[in-house]
Amino acid sequence: MSASEAEQSDSTQPSTHKSFAAYPTREESSDHIGKRNAIYWDEIYMGRFGAQYINGTFYHDLHPVAGKLLIGLSEYVSGHNGSFTYTSGAEYPPHINYVFQRASMAVIGSLIVPFAYRTCRFLGFGRAAATMGASFVLLDNALCVLSRFILLDPILFCFIAMALMGYAGFARHRHQAFSAVWWRWLAFTGLSLGLAISTKWIGAFVVALVGLCTIEELAILYSDRKTSVLTQIKHWIARVVCLICIPLLVYLISFQIHFALLRSRGTGDYKMPSQFQSLQRNNVVSRQPHDVAIGSQITIRSHLPGFGLIYANETHRFPDNADELVAAGMPGKQANNWWEIVSGAATKGNDTPSVRFIADGDILLLRHVGTKRYLRTGNAKPHNQGWDRRVVAAGNTTAPSAWDFWRVHIVDDVSPRPSGRLYAVTTRIQLINKISGCLLTATPAQLPKWGRDMSELICSQKNTSMAEGTLWNVEQVRDKRFKNANYQKLVKRQWLRDTVWINREMARSNNRLVPDPDRYKVIESSAWSWPFLIYPMRMGAWKDDSIKYYEIGNPILWWASAICCIFVYPAQIAYMLVCHRRKCSSWKPAEIRQFWDVTKLLWGGWFTHYVPFFFFGRVLYIHHVLPSLYFGLLLLAFEIQCAMRWYMPARAEWPVAIVIIAISGYVFYLFSPLTFGWDRPIKELAHLQWLPTWNLVTDPHLVL
């Protein structure tokens, strides 16, 4: 059957039916999806972020923004005015249509079912097998329960399923190169990849899958001597444009919209560069002088993302020298961030002017406002490296040390005002110690608990470096001698710089989510336990009178897909390789090619979405496995189809498929109380504890 014939014979009507079938399991009814009228689980974050797009206040999160933009859109359409502050466990007020917001996520989550069916048909599945694949996705409890709340996960699942369907559709039309339908599916794949990675960085795994398949496809094309060089160049250009440029453009546009909507001071703008903050409405950086002079009190920001402002206090001291206070990087604006600029130049009598601005090459001291200590370096080594010099807050007002003097090197200034002077926000500087010539340098290395886990500040002997850790700017200034400036006239938005910066901050936030080995957390789990559903997750309070949701998958489907992906498929590949080497294979080349084209996508998708988690150092949860489960369920349907076609007559396909779907549906029904919310004592569901490791009734690891 040709591609066009396949599309004509398999109209959109079956997929539409699958969509209508999916929606009840995700939404069920407005009474059920709104059964718990309080903020639940991560709704506290996602609901709040969505509301901030409406009220325009800036926030910081560890995920990209496309999914949260959709959540914000659903809140806006539902009539939310952005005034409700989402707090854990709080009940939704009457004016918040949380049922509509949850239903919106349910609709998005339900789309993966028709996408699954369409993907299977594009990959050559028969109707029975495609129906099985879509039904497996429909009848998984874990995929269902996450689609019933205001979360990013149903959006991510939808975009990953879209990307797989898009590439399967493109592969179906590979022999119609450069036709309209070929371009349509290729561009659709790129759009879906961009949306997936713009929702969560886990979307990068489906980008990797499509990238690997594209490399294989181009390698085959390159080995075909019938294909001209010009045609090959056109294929390369098409894929670069659609699979690289379009996803990148989608990613960047999502952040452009993000910045355009969040123009007011919020809880997260302190992580952004000073120039960005100066353009935010009601931000303290936007309401201050631009001039800086001797005697001004300032805060000093590093151009290394994540370092923040230079901080010191009386409490945190170096353990090997109690007289030295820790001077390090601390995100956020605090009282202990303030330093006073003291002149380091010798003056005589009345030669000192009332206002002395700071020029390139001037010598100054930085005196901490709270402790009256000076920013100092010396011969002591930093904590995290055995070279360079330690930076501390030490000394006192009456006795500065020769190590306290710093020479200002002005790197550049972006304002239209006269150059050669130090200004707040707009001037990049380096601070060079007068004695040693070392550069004041921010590092990403963290100090131990005695240093409050702050980022270490050092003085680097690489004094010719222009690395971002050596660059600083004055973020805030307090000086009654100067009037507040209009930063709208001094600073221009640099959305590309801000996009790069915020992504680096997101990466830093992700890397900080490390598990505590000395503490048991009921919601955390390890990647090895996911395929066989060893540790499901309680999604909230577990009291008898609370509404309880349990993130547990359909055990039959999880176990069957795990066996298929971990054991059956690798064994098949090994057997096929042995038969090929011994030249005893009964498969025709076309059959092998079709088998490979299907399984490289499905098993490859399972592998790329699962195995990387073994190398993650961050905290992990069972829902991280759900994208790989999607691929595993479709592969399970394909393997069942292969078994039926090898060992059964054709007329048995539908009866067997119906029986398998019925069994899956029955297991889904058994666990549905935990999917749709159980408000009675959990002991009444003790019969559902199929494994002793499940913390359904009691948690064997929880110490009370």
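To be clear, the structure that these remarks concern was listed above.
The text that follows walks through the structure, step by step, so that each part is easy to find.

Conventions used here
Residues numbered from 1 in each chain as written. Predicted model: local features only at pLDDT ≥ 70, side-chain atom pairs only at ≥ 80, totals over all residues. Heavy atoms only, no water. Helix = DSSP H or I, 4+ residues; strand = E, 2+ residues; numbered from the N terminus. Contact = heavy atoms within 4.5 Å. Polar contact = N/O pair within 3.5 Å; in protein donor to acceptor, adjacent residues only side chain to side chain. Disulfide = S-S within 2.5 Å. Buried < 20%, exposed > 50% of the residue type's maximum accessible area, 1.4 Å probe, protein only. Expected span 1.5 Å × (residues − 1). Bend = angle between axes of the 7 residues up to and from the residue. Axes fitted to C-alpha atoms, helices over the stretch in contact; angles between N-to-C directions. Parallel < 35°, antiparallel > 145°, perpendicular 65-115°, else oblique. Left-handed = near helix turned anticlockwise from the far one by under 90°. Nonpolar A, V, L, I, M, F, W, Y, C, P; charged D, E, K, R; others polar. Core = buried A, V, L, I, M, F, W, Y, C linked by side-chain atoms within 4.5 Å. Patch = residues over 30% accessible without salt bridge, like charges linked within 9 Å, V, L, I, M, F, W, Y side chains within 5 Å. Areas by Shrake-Rupley, 256 points an atom, 1.4 Å probe, with all protein chains shown as cover. Salt bridge = Lys/Arg side-chain N within 4 Å of Asp/Glu carboxyl O. Pairing = 2+ DSSP bridges.

Remarks on the environment of Gln446
And step 1. Its location among the elements puts Gln446 in strand 12 (residues 439–446).
And step 2. Ignoring anything within four residues of it in the chain, the contact list for Gln446 reads Asn384, Asp453, Met454, Ser455 and Arg512.
And step 3. At 3.0 Å, the side chain of Gln446 and the backbone oxygen of Asp453 are in polar contact.

Comments concerning the state of the cysteines
And step 1. Under the criterion given, the structure shown has one disulfide.
And step 2. Paired through a disulfide, Cys438 and Cys459 show a sulfur-sulfur distance of 1.9 Å. Handedness of the Cys438-Cys459 disulfide follows from its S-S torsion of about 95°: it is right-handed. Remark: Cys459 occurs in strand 13 (residues 455–460) and Cys438 occurs in the loop between strand 11 (427–433) and strand 12; sequence separation between them is 21 residues. The same class applies to Cys438 and to Cys459, which are both buried.

Thoughts on the side chain of Gln641
And step 1. Position of Gln641 relative to the elements: it lies in helix 18 (residues 626–647).
And step 2. Under the relative-accessibility criterion, Gln641 is labelled buried at 3%.
And step 3. Look past the residues within four positions of Gln641 in its chain and what remains in contact with it is Gly124, Phe125, Gly126 and Ala129.

Notes on helix 19 (residues 653–676)
And step 1. Along its 24 residues, helix 19 runs 32 Å from first to last C-alpha, staying within 8% of the 34 Å computed at 1.5 Å per residue.
And step 2. The principal kink in helix 19, of about 50°, is found at Leu670, preceding the proline Pro673 by one to four residues.
And step 3. Within helix 19, burial applies to Glu653, Ala657, Ile661, Ser664, Val667, Phe668, Phe671, Ser672, Leu674, Thr675 and Phe676.
And step 4. Backbone geometry just downstream of helix 19 places Gly677 in the positive-phi region, at approximately 105°.

Regarding the packing of helix 7 (residues 112–122) against helix 8 (residues 127–138)
And step 1. At a closest axis distance of 8 Å, the pairing of helix 7 and helix 8 adopts a crossing angle of 150°. Between helix 7 and helix 8, the interaxial angle falls into the category roughly antiparallel. When the axes of helix 7 and helix 8 are compared, the crossing they make is right-handed. Where helix 7 abuts helix 8, its residues Ile112, Val113, Ala116, Tyr117, Cys120 and Arg121 lie against Arg127, Ala130, Thr131, Ala134, Val137 and Leu138.
And step 2. Considering only residue class, the contact of helix 7 with helix 8 consists of nine nonpolar, one polar and two charged.

With respect to the nonpolar core
And step 1. In terms of nonpolar packing, the biggest core is built from 137 residues, with Ile112, Phe125, Met132, Val137, Met539, Leu626 and Tyr630 touching the most fellow members.
And step 2. One finds Leu304, Ile310, Val474 and Tyr487 within the second-largest nonpolar core, a separate group that totals 40 residues.

Description of the packing of helix 8 against helix 18
Each pair of packed helices gets described by two things: the angle between the helix axes and the distance between those axes.
And step 1. It is the contact of helix 8 with helix 18, at a shortest axis distance of 9 Å, that shows an interaxial angle of 150°. Judged by the angle between their axes, helix 8 and helix 18 are roughly antiparallel. Here the hand of the crossing between helix 8 and helix 18 comes out right-handed. Contact with helix 8, carried on its side by Ala129, Met132, Gly133, Phe136 and Val137, involves Tyr630, Leu633, Leu634, Leu636, Ala637, Ile640, Gln641 and Met644 of helix 18 and no other residues of that element.
And step 2. Tallied by class, the residues present in the contact of helix 8 with helix 18 amount to 11 nonpolar, two polar and no charged.

Quick look at a nonpolar patch on the surface
And step 1. A contiguous nonpolar patch, built from Leu70, Leu73, Tyr76, Val77 and Phe100 and spanning about 480 Å² of accessible area, is present on the exposed surface.
And step 2. Of the residues forming the nonpolar patch, the biggest block, four residues, is contributed by helix 5 (residues 66–77).
And step 3. As for its placement among the helices and strands, Leu73 is situated in helix 5.
And step 4. What makes Leu73 partly exposed here is its relative accessible area of 46%.

Some words on the pairing of strand 7 (residues 363–368)
And step 1. Along strand 7, six of the six residues are buried, which leaves the element largely enclosed by surrounding structure.
And step 2. Side chains of strand 7 alternate between two faces, with Ile363, Leu365 and Arg367 and Leu364, Leu366 and His368 buried alike.
And step 3. With five bridges connecting them, strand 6 (residues 339–343) and strand 7 associate as antiparallel partners. In the sheet register, Trp339 faces strand 7, and the bridge partner there is His368.
And step 4. For strand 7 and strand 10 (residues 406–413), the ladder comprises two bridges, and the chain directions are antiparallel. Each residue of the ladder has a partner; that of Leu364, found in strand 10, is Trp406.

Spatial relationships are all this shows, so hold off on functional conclusions.
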